Structure formats: C-alpha cells, structure tokens
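# Descriptive structure summary
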Amino acid sequence: MRHDAFRWSVPVVSAFTLAQLLGGTASAQEDDSGSEAAPESQEPSGAAAADESSSDSSKKEQSDDSSEHAESSGEKSIDEHVDAELGDSEHERFARVWIGVAGSLDIAFTGSGNDVCRLDASGNPANSQGMRCTTPHNEDFPARANPMQNTALVPGQAGSLDGGPKVGDVRFLVAADYAVTRAILVGLRAGYVFNTYMGSGRSDFLQRLHLEARGTYVFGRDPLATVGFAPVAFVGAGIAATDAHAATGVSMFGVRGKTPADAWQLGGPGFVSLGGGARYTFSPRAAFTLAWKASLAFGSPSSLLTTAPEVAFQYGF
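Analysis parameters
Each chain has its residues counted from 1, following the order in which its sequence is written. Where totals are concerned, whole chains, interfaces and linings use all residues; where local detail is concerned, this predicted model gives features only for residues with pLDDT of at least 70, and gives and counts side-chain atom pairs only at 80 or more. Side-chain calculation: all heavy atoms of the structure are included, whereas hydrogens and water are not. Salt bridge criterion: a side-chain nitrogen from Lys or Arg within 4 Å of a carboxyl oxygen from Asp or Glu. A run of H or I in DSSP counts as a helix once it spans at least four residues, and a run of E counts as a strand once it spans at least two, with each numbered from the N terminus. Whether a residue is buried, partly exposed or exposed follows from its accessible area with a 1.4 Å probe, protein chains only, as a fraction of its type maximum: under 20%, in between, or over 50%, in that order. Nonpolar cores were defined as sets of buried Ala, Val, Leu, Ile, Met, Phe, Trp, Tyr and Cys residues, with membership established by side-chain atoms within 4.5 Å. Only heavy atoms matter for contacts: two residues are in contact if any of them lie within 4.5 Å across the pair. One requirement defines pairing of two strands: DSSP has to find at least two bridges between them. By definition, disulfides here are pairs of cysteine sulfur atoms that lie within 2.5 Å. Only protein atoms enter the 1 Å grid, on which a cavity is a set of points fitting a 1.4 Å probe that cannot get out and a pocket is an open set with protein on both sides within 12 Å along at least 5 of 7 lines, lining residues being those with an atom within 4 Å of a point. Grid points are joined across faces, edges and corners, and a volume is the space filled by probe spheres set on the points. Residues are sorted three ways: Asp, Glu, Lys and Arg are charged, Ala, Val, Leu, Ile, Met, Phe, Trp, Tyr, Cys and Pro are nonpolar, and all the rest, Gly among them, are polar.

One pass over the full model with this rule turns up eight salt bridges. Note that arginine 171 is salt-bridged to aspartate 106, the shortest N-O span being 2.7 Å. A residue pair is termed long-range when its members are at least 10 positions apart, and arginine 171 in strand S7 (residues 164-179) and aspartate 106 in strand S1 (residues 97-110) qualify at 65 residues. Among the residues examined, arginine 171 registers a relative accessible area of 5% and is labelled buried. A salt bridge links arginine 214 to glutamate 310; the nearest nitrogen and oxygen atoms lie 2.8 Å apart. Taken as a pair, arginine 214 in strand S9 (residues 209-218) and glutamate 310 in strand S15 (residues 304-316) lie far apart in primary sequence, 96 residues in all. What makes arginine 214 buried here is its relative accessible area of 5%. One continuous salt-bridge network, built from bridges that share partners, spans Glu212, Arg214, Lys293 and Glu310.

The biggest cluster of nonpolar side chains holds 14 residues, and the ones touching the most others in it are Val116, Cys117, Cys133, Phe141, Leu153, Val250 and Met252. Of all the secondary structure elements, the ones that give two or more residues to this core are strand S5 (153-158), strand S11 (242-252) and strand S12 (255-267). When residues of this core are assigned to their parent elements, the largest contribution, three residues, is made by S11. Once residues within four sequence positions are removed from consideration, cysteine 133 is found in contact with Val116, Cys117, Glu139, Asp140, Phe141, Asp262, Ala263 and Trp264. Core analysis: the next-biggest nonpolar cluster, separate from the first, contains eleven residues, Ala95, Leu224, Ala225 and Val232 among them.

This part takes up the pairing of S7. The sheet contact formed by S1 and S7 spans 13 bridges and is antiparallel. Residue serine 104 lies in a different strand from S7, and its bridge partner there is arginine 171. Inspection of the sheet shows S7 paired to strand S8 (residues 184-194) by ten bridges, in the antiparallel sense. Bridge pairing in S8 places aspartate 177 opposite glycine 187. Adjacent in sequence and paired antiparallel, S7 and S8 are bridged by four residues.

The full count for this structure, using the stated rule, is one disulfide. At a sulfur-sulfur separation of 1.9 Å, the disulfide partner of cysteine 117 is cysteine 133. Between cysteine 117 and cysteine 133, the S-S torsion sits near -80°, and that sign places the bridge as left-handed. Within this pair, whereas cysteine 117 is found in the loop between strand S2 (113-114) and strand S3 (132-134), its partner cysteine 133 is found in strand S3, the two being separated by 16 residues in sequence. For cysteine 117, a relative accessible area of 1% puts it in the buried group. The buried category is assigned to cysteine 133, whose relative accessible area is 1%.

Moving on: empty space enclosed by the protein. This structure, assessed with the given rule, holds two cavities of 30 Å³ or more. By volume, the largest cavity is sized at about 150 Å³. Lining the largest cavity are 15 residues, and of these Arg189, Arg214, Thr216, Thr289 and Gln314 lie nearest its centre. Elements supplying a minimum of two residues to the lining of the largest cavity: S7, S8, S9, strand S10 (228-240), strand S14 (286-298) and S15. The residue inventory of the lining of the largest cavity, partitioned by class, reads seven nonpolar, three polar and five charged. What the second largest cavity holds in volume is close to 110 Å³. In terms of lining residues, the second largest cavity is bounded by 15 residues, among which Asp106, Arg171, Phe271, Ser295 and Thr306 are the most central. Those elements that place two or more of their residues in the lining of the second largest cavity are strand S13 (270-283), S14 and S15. Of the residues in the lining of the second largest cavity, the class split is six nonpolar, six polar and three charged.

Turning to the sheet that holds strand S4 (residues 140-141), a few remarks are in order. What links the strands of a sheet is backbone hydrogen bonding, and the strands pair in either a parallel or an antiparallel sense. Taken together, the five strands give an open sheet; going across it, the order is S4-S3-S12-S11-S5, and neighbouring strands pair in antiparallel fashion. Edge positions in the sheet fall to S4 and S5, since each has one partner strand and no second. Of the strand pairs in this sheet, S3 and S12 are connected by three bridges, and their pairing is antiparallel. Following the sheet pairing, arginine 132 is matched in S12 by tryptophan 264.

Along the chain, phenylalanine 141 connects to proline 142 via a cis peptide bond; the corresponding omega equals -5°. Note that proline 142 resides in the loop between S4 and helix H2 (147-151). Going from glycine 268 to proline 269, the amide bond is cis rather than trans, its omega being 15°. By the secondary structure assignment, proline 269 is in the loop between S12 and S13. A positive phi angle, near 50°, is found at aspartate 115, a position not held by glycine. Among the secondary structure elements, aspartate 115 is positioned in the loop between S2 and S3.

If you want it as structure tokens, here you go:
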C-alpha cells in the first residue's frame, strides 16, 4: 500500500516540478522580450516628437521670414509709390509759362566826330560814322527841305560829338517765356523804345520798336519752383532802335552865337546781347529779375555798343 502511494507520488512531484520550471522559464523570456521591446518602441516615439518639434520650429521660422519679407516688400513698394507720386507732383508744380514786364536804360559808347551836322549834296550825313543832327525838338537839322540851311553851316563848327559813354534809349517791354526744362527758359521780348532818334534816315517801323528772342538759364536745383535767389545768364538777338546823342552847338553864317542841336549816333537795326544777374522767386508763380546786359547793334548806318541794367517781373502759369 505504501509502496503504491510512493510509486504514484514520484511522477506527480516530478510533473509539478517540471511545470514550475517551464513556467519560470516562460516568464523570464516574457520579461526579457518586454524589456527589450520597450526601448525599441520608445525610441521611435521620441524621434518622431523631436522631428515634429523641429518641423514646427522650421515652419515657424519660415513663416516669420516670409512675414518679414512681405512686410519689407510692402514697405518698399509703398515708399517707391510715394516717391513716384512726389516726383510727379514736384515735376508738375513749377510754372511753364511766364508773362511779365521788363525795362532797361541803355548806356551807349559812341564814337567821336566833327562837323557831324553837315550833309552831302544828296542830303545824307557827310561824316563816315553816319552821325547826324536834330533840333532839341527832334526835327531834322539842317532841314532836308531847305538846302540853304546846310549851306549856311560854318566848316569845322557844324557840331561835334565826343566819344565815350552816353545815356541812350529807355526800353519798356512785355516779356513772355516758356520753361523748356526746370532751368531753361526761351521766349520773346517786345516793346516800345523811348528817347530814340526821330529824324530822317531810319524806317518809321523801327523808330520805336524792340523785338527780341531770348534764351535764359537759371542756375540751381529746381530753380523755377524754389523760393529765393538764383543766378541767371541769358543770350538774345533781334531788331530794335538803338542810338545815343549829346547836345552840341552849331555856327551858321549870318546867325549870331551858337545854334543848339543834338548830335546822334545810330546803330542797328540788328543786335545781339549777352547778360546775367539774379532772379528772386517769391513763390513758384512769381519772380523778379535784376540783370546787366551788353549789346552790339549792327547794320546801317553804323555799329554801336551798349550796356544796360535791366529789371523784370514775371508771373507763372
């Protein structure tokens, strides 16, 4: 009986022991596999998070860069637009057409001569300089209609003219200019000449006329629209009455004392001029010019050099 129980207990104990051993081995294997798998599963998860973080940071930086670029581009575009608008308005704000008045007083440099009132047989001045005389009332002397007056002149005492500067013509002009650029003006001067020779020998059309084409350069930056002083230089050419005179006395046979007369030297009718001065702009629409010019009148009967101060006021449109 005992022998049978012992015989059955040995296999049972052995089976139980074997089962425990197998169970322990499986648990150990599961633990090993779990411990090894856990790091493998965690590593991809951490890398993915790092990649996502890096991607988000990169996207944010790119977004910031894009925003900054867009803002700078927008600011630049706005600045360029504003500059363009200002440039256009600045370009258009100076006046193109300038209308006004001008005046000048000639100082003429005459030659010298004797017997300047004497006429030749044809009734023209007998001197080579083309000088001639009038009465103080600006009538021909001697009279062309009465040759006896010319015959009565005492040789060597028939009037004289000393060379040098003389007060000449006074000019009142209308001035019109067009601004080709911000600094260059081209235009016309036309007007009336006072204190000029009114005797014979000059066309009636030219006795009081001044007609001139002129080009003017104004120095400085945007000078036609900038308030203040600016230097100017100009050249001109045209036709005009140009002359000068001085009082003289004439001796005549049968007449006691000296007969008063004016001795004249005439120039023209053509002339060229060169001058310069200062222009003061009160506003982009109003300007005053003070200048000095030199002119050479040429043609028949003689040439005559003059210089003159000139003032002008113009309004721009």
